[in-house]
Amino acid sequence: MTHLPRWTAPLALLLLGGSPAAFAHAILIRSTPADHAIVQSHQVNMALEYNSRIEATRCTLTLTNLAGKTFPLQMERSAMPSELKAVAGNLANGNYQIHWQVLASDGHITRGDVAFTVAAQ
Amino acid sequence: MIWFLRDYPLAAVLLRAATLAFNSLLIGGIVFCSALVPRSPSSSVPIGKVFPHALRLLKIAAFGLGATQILFVALDSAMLMSTGGLHLVDLVTANYFLAGVLVVFATSTFLILSRSCLPRRPRWLLFVIPLLSATVWTSHAASRLEDQVSLMVLTGLHQLAAAVWIGGMPYLWLLLVSQGNFDVTGGEAIADDAVVQAVRRYSTTALVSAVVLVAAGLTLATVYTESWSAVYGTAYGVVLIAKSTMLAGLLLLGAGNFLLIRKGRLHLPPALLRIGRFSEAEIGIGFTIILAAASLTGQPPGVDLVQNRLTLPEITARMTPHWPRFHTPPVRALPAVDPMGLAIRQYALSPDDARSANNRIEQAWSEYNHHWAGIVVLIAGLLAILGRWDRASWARHWPLAFLGLAIFLFLRADPEAWPLGPRGFWASFYNPEDLEHRLYILLIVSFVAFEWSVQTHRLQSPKASLVFPAVCALGGALLLTHNHSLGNVKEELLTEMSHTAIALCAVFAGWSRWLELRGSERGKRIAAWIWPICLICIGMVLLNYRES
């Protein structure tokens, strides 16, 4: 399925084709924990900062552990209009992934992941 | 769900494009009809005649805008409800929802009121306020962290100017090409005073709009890029360059039309008709710019993309001409093909990883395909020029070169399907991607049939001759409209640069061929050279295409 998407795109589109689209608007500019960071505590304070204003009450954060189990994160209020905050406690040592979905103030939806590892003593 | 996740971005961009286009058409129409056309319907027969057509266009724009807003709100809401666990009640106060409701309310009211009276009075201009507010409220400016208000004002001015100038053009065209716009006095056709007055008013308004549009656009571009590296090194910048290039072309056409209006003998209907035909290309390029603007709204501004920007040496290295690749890796060397479901799942979960699967063998396969496609388009362009001389009339068969492209596409577009792959011919029709490629082939064949018949005078219909430019321009517009690389991956962006160049050439090729067919004698002569040169440029870009 992945042999020809690039070369067919211009010619196909020149002949009324569809289009392979990617979509990006609100982008993550920094996060705590950072992507692929190692956290030395069972409690992880999360803060995700974006390049634009977001509608925080309509954004979601979920956490997936190594076993693939996913659970939603309860978000906290942030003073910044471009930030999502949450706390996850009692995390066992291992790899985790934060999956975020944000609704920017201009109506665009974007999503992404931040991976981190808990390695507490 | 996976299909939904995969197709959401494309649907959102296309709906955004339709929204901007309908919005401009509606605002431009309202301003044109209620502020620029003189209010003397009883004394002006031609204006009375053209108004039903203008009103129909206004209604189409209002209905189209309302419908696309409903679809956009439904799409965003469905996305948030299905993936974010939200309920409808949680979404009704979201910005996009309120903006959508405002537009639907405004367009519905417009449709109801315009049933009983024509939008001929300045009070109809009040509709511009909600329409413009809604689009500004869902623009980049609304979500900026700094200078939000001033950026929203600039965006409003930019969009209003675009709507008045570009959105008003189709109404001007209706007025210009309407057949009843002259009276016969003493054997000479004389255009109606009201028509001439409307044309002059539009011309002045368009000039002011163009100045406002460029000034506001330049300021916004400066804020959203801040540096040259964000202009040439990000996906946002690449679309911005494409949009600016087309705007330069449009300003050139606009200047030509402005001079025609200022110096032309507007009381003579043929002069008006000439301006009208000239403005067809302006309308086409103008709305293509609006579609490219939709692509921009889906990109994060270049200033925010500080990582993975392309550098000038990287761009130069990729664009430096290399000898094309004329040997292909064997089909058996291509990696095993994933089942369709798995490929889509991978794409939905991690689009960047899915794309990086294009390994060296696949790259070689792809480059070989691009380079042969380049040869075909290059030959077509050269033959189109050669065919102008009577001694080389055989070269007018140039559209047949594209038949070779269709065969090439049929053989190599889907190497996993018949005749190269294990999947049977009929079975491949069940695969959406294969089916898509088969449709492209069908389109190429039909376009070849039309243009070949036109070039060799087998088909005399003026409408048939417009198929090639229309397909070319529309294809280029779609290629520009589609959104570009996610996360600004360098390789993706380098590929997009080639595609954007191809799209621009296609847009200019389409509209110059259109001008050749529809324009005045002098315009025809210039336009007749532009489109074959554009074809040659597309061929050259394809010949120099590389993926690493």
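Residues numbered from 1 in each chain as written. Chains lettered and ligands numbered in written order. Predicted model: local features only at pLDDT ≥ 70, side-chain atom pairs only at ≥ 80, totals over all residues.

## Some thoughts on the overall build of chain B
- The helix and strand inventory of chain B stands at 21 helices and two strands.
- Counting all 548 residues of chain B, 50% fall into the buried class.
- Excluding contacts between residues fewer than 6 apart, the proportion of contacts in chain B whose partners are at least 24 apart in sequence is 80%. (Helix = DSSP H or I, 4+ residues; strand = E, 2+ residues; numbered from the N terminus. Buried ≥ 20, exposed ≤ 12 C-beta atoms within 10 Å, placed from the backbone. Contact = placed C-beta atoms within 7 Å.)

## A look at the overall build of chain A
- Tallying secondary structure elements over chain A gives one helix and nine strands in all.
- What you see in chain A, going N to C, is helices and strands ordered as α-β-β-β-β-β-β-β-β-β.
- Taking all 121 residues of chain A together, 45% fall into the buried category.
- The contacts of chain A with a sequence gap of at least 6 include a subset with a gap of at least 24, amounting to 62%.

## Quick notes on the pairing of strand β9 (residues 109-118) of chain A
Residue and element names in this part refer to chain A.
- Bridge count for strand β2 (residues 37-39) against β9 is three bridges, and the pairing is parallel. Bridging from a neighbouring strand, Val39 pairs with Val118 of β9.
- As paired elements, strand β8 (residues 94-103) and β9 share 10 bridges and run antiparallel to each other. Within β9, the residue paired with Asn95 across the bridge is Thr117. (Pairing = 2+ DSSP bridges.)

## Here we look at the sheet that holds strand β4 (residues 60-65) of chain A
Residues and elements named next belong to chain A.
- Taken in spatial order, the five strands make up an open sheet running β2-β9-β8-β4-β5, and their pairing is mixed. Only two strands of the sheet have a single neighbouring strand rather than two, namely β2 and β5 (70-72). Going from strand to strand, the sheet's axes swing by 30° on average, the running direction of each strand aside. (Axes fitted to C-alpha atoms, helices over the stretch in contact; angles between N-to-C directions.)

## Quick word on the sheet that holds strand β7 (residues 83-88) of chain A
Residue and element names in this part refer to chain A.
- The strand order across the open sheet built from four strands is β1-β3-β7-β6, with neighbouring strands paired in antiparallel fashion. With partners counted over all chains shown, the strands left at the sheet margins are β1 (28-32) and β6 (75-76), one partner each.
- Sheet analysis places β1 next to strand β3 (residues 44-50), joined by four bridges and oriented antiparallel. Pairing of Arg30 across the sheet is with Glu49, part of β3.

## Comments concerning helix α16 (residues 401-412) of chain B
All names here are of chain B.
- Compared with the 16 Å implied by 1.5 Å per residue over 12 residues, the 17 Å span of α16 between its first and last C-alpha is a close match.
- Of all the residues in α16, the buried ones are Ala401, Phe402, Leu405, Ala406, Leu409 and Arg412. End-on view of α16: buried residues confined to an arc of 155°, all on one side of the axis. (Expected span 1.5 Å × (residues − 1). Arc of directions from axis to C-beta.)

## What to know about the nonpolar core
Residues and elements named next belong to chain B.
- Grouped together as the largest cluster of nonpolar side chains are 182 residues, with contacts concentrated most on Leu26, Cys505, Val507 and Ile538.
- Ranked by residues supplied to this core, first place goes to helix α1 (residues 2-36) with 17 residues.
- What Ile538 contacts, discounting residues up to four positions off in sequence, is Val377, Ile502, Cys505 and Ala506. (Core = buried A, V, L, I, M, F, W, Y, C linked by C-beta atoms within 7 Å.)

## Points about the environment of B:Phe258
Residues and elements named next belong to chain B.
- By the element assignment, Phe258 lies in helix α10 (residues 235-263).
- Its 17 C-beta neighbours within 10 Å are what place Phe258 among the partly exposed residues.
- Considering only alpha carbons, one finds Phe258 and Gln307, 49 residues apart in sequence, at a separation of 44 Å.

## Describing the packing of helix α4 (residues 95-116) of chain B against helix α5 (residues 128-137) of chain B
Residue and element names in this part refer to chain B.
- The contact between α4 and α5 brings their axes to 9 Å, and the two run at 160°. As far as their axial angle goes, α5 and α4 are roughly antiparallel. Seen along the crossing, α4 lies across α5 with a hand that is left-handed. Each of Asn95, Ala99, Leu102, Val103 and Ala106 in α4 lies in contact with α5, whose residues at this interface are Pro130, Leu131, Ser133, Ala134 and Trp137.
- Split into classes, the residues belonging to the contact of α4 with α5 amount to eight nonpolar, two polar and no charged. (Parallel < 35°, antiparallel > 145°, perpendicular 65-115°, else oblique. Left-handed = near helix turned anticlockwise from the far one by under 90°. Nonpolar A, V, L, I, M, F, W, Y, C, P; charged D, E, K, R; others polar.)

## What about the pairing of β8(A)?
Residues and elements named next belong to chain A.
- Relative to β8, β4 is paired through six bridges, and the arrangement is antiparallel. Opposite Thr64, over in β8, you have Gln97 as the bridge partner.
- Counting the residues that bridge the hairpin from β8 to β9 gives five residues, and of these Gly107 lies at a positive phi of roughly 95°.

## A few points about the environment of B:Ala221
All names here are of chain B.
- Here Ala221 lies in helix α8 (residues 193-225).
- A count of 22 C-beta atoms within 10 Å places Ala221 in the buried class.
- Expressed as a C-alpha distance, the spacing of Ala221 and Tyr236, which sit 15 residues apart in the sequence, is 9.9 Å.

## A look at the packing of helix α6 (residues 148-167) of chain B against α8(B)
Residues and elements named next belong to chain B.
- Relative orientation of the contacting elements α6 and α8 amounts to 145°, with a least axis distance of 8 Å. Of the two possible hands of crossing, α6 and α8 adopt the one that is left-handed. Facing Leu151, Leu154, Thr155, Leu157, His158, Ala161, Ala162, Val164 and Trp165 of α6, the residues of α8 in contact are Thr205, Ala206, Ser209, Ala210, Val212, Leu213, Ala216, Gly217, Thr219, Leu220 and Val223.
- Looking at the contact of α6 with α8 residue by residue, the classes come out as 14 nonpolar, six polar and no charged.

## A short note on unusual backbone geometry
- Residue A:Pro33 follows A:Thr32 across a cis peptide bond; omega there is -5°.
- Backbone geometry at A:Asn90 places phi at a positive 55°, although glycine is not the residue there.
- For A:Asn90, a count of 6 C-beta atoms within 10 Å puts it in the exposed group.
- Here B:Asp147, not a glycine, exhibits a phi torsion of approximately 55°, which is positive.
- Tracing the backbone through its elements, the reader meets B:Asp147 in the loop between α5 and α6.

## A closer look at the environment of B:Ala464
Residue and element names in this part refer to chain B.
- Here Ala464 is to be found in helix α18 (residues 462-465).
- Residues Ala464 and Leu220, 244 residues apart in the sequence, show an inter-C-alpha distance of 42 Å.
- Excluding its chain neighbours within four sequence positions, the residues that come into contact with Ala464 are Phe450, Ser453, Val454 and Leu459.

## Side note on the confidence of the model for chain B
Residue and element names in this part refer to chain B.
- Averaged over every residue, the pLDDT of chain B is 84; residues scoring 70 or more account for 88%.
- By mean pLDDT, the top-scoring element of chain B is α6 (95), and the lowest-scoring one is strand β1 (residues 182-185) (46).
- This stretch, residues 180-188, has a pLDDT under 50; its non-local contacts, to residues over four places away or in other chains, come to 17 contacts.
- Across residues 484-488, where pLDDT falls below 50, the model places 22 contacts with residues more than four positions away in sequence or in other chains.
- Scored as a whole, the predicted complex attains pTM 0.84, and scored at its interfaces, ipTM 0.77. (pLDDT = per-residue confidence, 0-100.)

## Side note on the confidence of the model for chain A
- Chain-level statistics for chain A give a pLDDT mean of 81 and a share of 80% at 70 or above.
- Low pLDDT, under 50, characterises residues 1-24 of chain A; the predicted model gives this stretch 83 contacts beyond four residues in sequence or across chains.

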